[in-house]
Amino acid sequence: MQITATGKTDLGLVRSNNEDNFYLDEKTGLLLVADGMGGHASGETASKLAVTVMRDYFHGPQIQFGKYNYSYSEATNRLNSAINFANLAVLEAARESPQLRGMGTTIVAVHLNGNKLSIAHIGDSRAYLIRAGSIEQLTHDHTLVNEQIKSEMITAKEAAQSAMKNILTKALGISEDTEAELDELTVFNDDILLLCSDGLNNMIRDEAMLDIILSSPHHDAACASLINAANELGGWDNITVVIGHIKKKKWHFALFKLMEAFRR
Amino acid sequence: MAKVLLKYKEAVVREFILEKETTTIGRKPENDIVIDNQAVSGHHALLKTDGDHIVVEDLNSLNGTYINGHKASRTEVFNGDVILIGVHTLSVSSNKNKEAEKKTFAVRGRSMDETMIISPDDKKKIISASDKDKPEPLGGFLVLEGSTDQKQYEFNEKVSAIGKEEGCAIMLKGLFAPKLAALVNRRKEGYFITPPGSKQLKINGKVIDRRYDLKDGDIVEVAHLKLQFYVNE
């Protein structure tokens, strides 16, 4: 399997700076979205740093870092190692500079290996899967209200009105012990992956996202329409959208690549 | 005498009698009411008390002070009002009740404001207040009729499928087998099955054309297969 991807980030209509960052690499099959937080400009610094460290990890020797989790594949452990590196990098940067103290970021990352997708996330940035016309959220937000729903302390309705909606229970770069939540998925030909920051999913419902993606002529247009939709409803936060499309590798692709190589 | 109750969700942490003219609230130990929590500023807010007349003043704290869910900088509070600071609440108990509401609030909640984080210890305290954190259910299908590679399939992915498509958890064989016969989703609250597009499938002998929440023991008939759903508690 291979992935084609596109992404877009937008300031929104209320914020004065964009603290979101994203990265996509079709070759290594890596998609990332990070939503930074912290005073001054430190949110931007945190999300940028996390994304850069993870990108560099997949261009390096990819050594195991942190605890190896035997419930998951080697590929998923590599993705987790990349997040562990990013966590340490943000934590150390925050310790070194008083202006950056307390900064942190969410992260949602997917990495494709053959037909297996590794998924990792910290915080409330999300990954969705669109398959056969339906949408499913692949990540569970690490927010206080979500944990309260899980432990049946409040209902989903109460959560929507909660004053504590934006309190995260986990963020990258806040503590050495921060661990990402991991998951794995077998992907199919024509699966669509959507990664986004809360600026999108706080403004529009999952079904509306699905409609926009399925009715757009191509994924670039879908990214722009999703951002427009969030802005039309207020654009209260930075909005970042990354869309990946899974395609089966065909034999003539290999041939095409071979010819390209010869041409050089 | 007016007083406030410091609470962590339902649990009362401490009661404070407001006898001083000014009562300080914050994370630092020199405060009168100390709330040791990352979401609370060092000097977060103060309470100015004159008998039963109590005024809350936010000291430009990072995460703000909320009265009955509304962000406040300087507000009078009455008997029964709830002050939210970080993840703690202070319930006001005094002899002065609020008069009928004069104006409606049109304050935007904090939901779209700054994101903040609390420490894992605090989270544990809040969550463990009710210890109902259930593990995700794990289940799958037993093959009753039809030819498949295995007799039993465990469905451990969040979204999986039955069909001829590469990667399906239960792979169908044969020229006329559908690419996708059914989608199976696994959520915290349980499993559900959906026939894709215009297709149909049979559950317990009944034709289903939309999402169906699977229960232990359900019989699913799809593309020449008869399967029994099971879930481990």
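Here the structure is shown first, and the text comes after it.
Fair warning: this is a prediction, and the values are worked out from it, not measured in the lab.

Novice: Can you walk me through the side chain of Asn77 of chain A in this structure?
Specialist: All names here are of chain A. Inspection of the secondary structure puts Asn77 in helix α2 (residues 74–96). Since its relative accessible area comes to 0%, Asn77 is described here as buried. Reaching out from Asn77, the side chain makes a polar contact with the backbone oxygen of Tyr72 at a distance of 3.4 Å. If we skip the residues at most four places from it in the chain, Asn77 touches Gln64, Lys67, Tyr68, Asn69 and Tyr72.

Novice: Explain the packing of helix α6 (residues 206–215) of chain A against helix α7 (residues 219–232) of chain A here, please?
Specialist: Helix packing for two helices is described by the angle between their axes and how far apart those axes are. Residue and element names in this part refer to chain A. Look at α6 against α7: their axes get within 8 Å of each other, and the N-to-C directions meet at 145 degrees. Crossing geometry of α6 relative to α7 is assigned as right-handed. Taken together, the residues of α7 that come into contact with α6 (itself represented by Met209, Ile212 and Ile213) are His219, Ala222, Ser225, Leu226 and Ala229. When its residues are assigned to classes, the contact of α6 with α7 shows six nonpolar, two polar and no charged.

Novice: Sorry if this is basic, but what is going on with unusual backbone geometry here?
Specialist: Among all residues except glycine, the phi angle is most often negative; among peptide bonds, the trans geometry is most common. Residues and elements named next belong to chain B. Unlike most non-glycine residues, Asn60 shows phi in positive territory, near 50 degrees. Looking at where Asn60 falls in the secondary structure, it is placed in the loop between β6 (53–58) and β7 (65–67). In this model, Ala223 sits at a positive phi of 40 degrees, which is unusual for a non-glycine residue. For Ala223, a relative accessible area of 31% gives the class partly exposed.

Novice: Please clarify how the pattern of salt bridges should be interpreted in this entry.
Specialist: Side chains that differ in charge, positive against negative, can pair when their charged atoms come close. The final tally for this structure, using the stated rule, is 25 salt bridges over all chains. Between Glu176 of chain A and Arg95 of chain A there is a salt bridge; the shortest N-O distance is 3.2 Å. Here Glu176 of chain A, found in the loop between β9 (167–168) and β10 (181–186), pairs with Arg95 of chain A, found in helix α2; they are 81 residues apart in sequence, far enough to count as distant. Between Arg187 of chain B and Glu136 of chain A there is a salt bridge; the shortest N-O distance is 2.7 Å. Taken together, the residues span two chains, with Arg187 of chain B in strand β17 (residues 182–187) and Glu136 of chain A in strand β8 (residues 134–137). Using a relative accessible area of 25% as the deciding quantity, one classes Arg187 of chain B as partly exposed. Judged by its relative accessible area of 5%, Glu136 of chain A falls in the buried class. Through salt bridges with shared partners, a single network forms among Arg15, Glu19 and Asp237 of chain A.

Thresholds applied
Residues numbered from 1 in each chain as written. Chains lettered and ligands numbered in written order. Predicted model: local features only at pLDDT ≥ 70, side-chain atom pairs only at ≥ 80, totals over all residues. Heavy atoms only, no water. Helix = DSSP H or I, 4+ residues; strand = E, 2+ residues; numbered from the N terminus. Buried < 20%, exposed > 50% of the residue type's maximum accessible area, 1.4 Å probe, protein only. Polar contact = N/O pair within 3.5 Å; in protein donor to acceptor, adjacent residues only side chain to side chain. Contact = heavy atoms within 4.5 Å. Axes fitted to C-alpha atoms, helices over the stretch in contact; angles between N-to-C directions. Left-handed = near helix turned anticlockwise from the far one by under 90°. Nonpolar A, V, L, I, M, F, W, Y, C, P; charged D, E, K, R; others polar. Salt bridge = Lys/Arg side-chain N within 4 Å of Asp/Glu carboxyl O.

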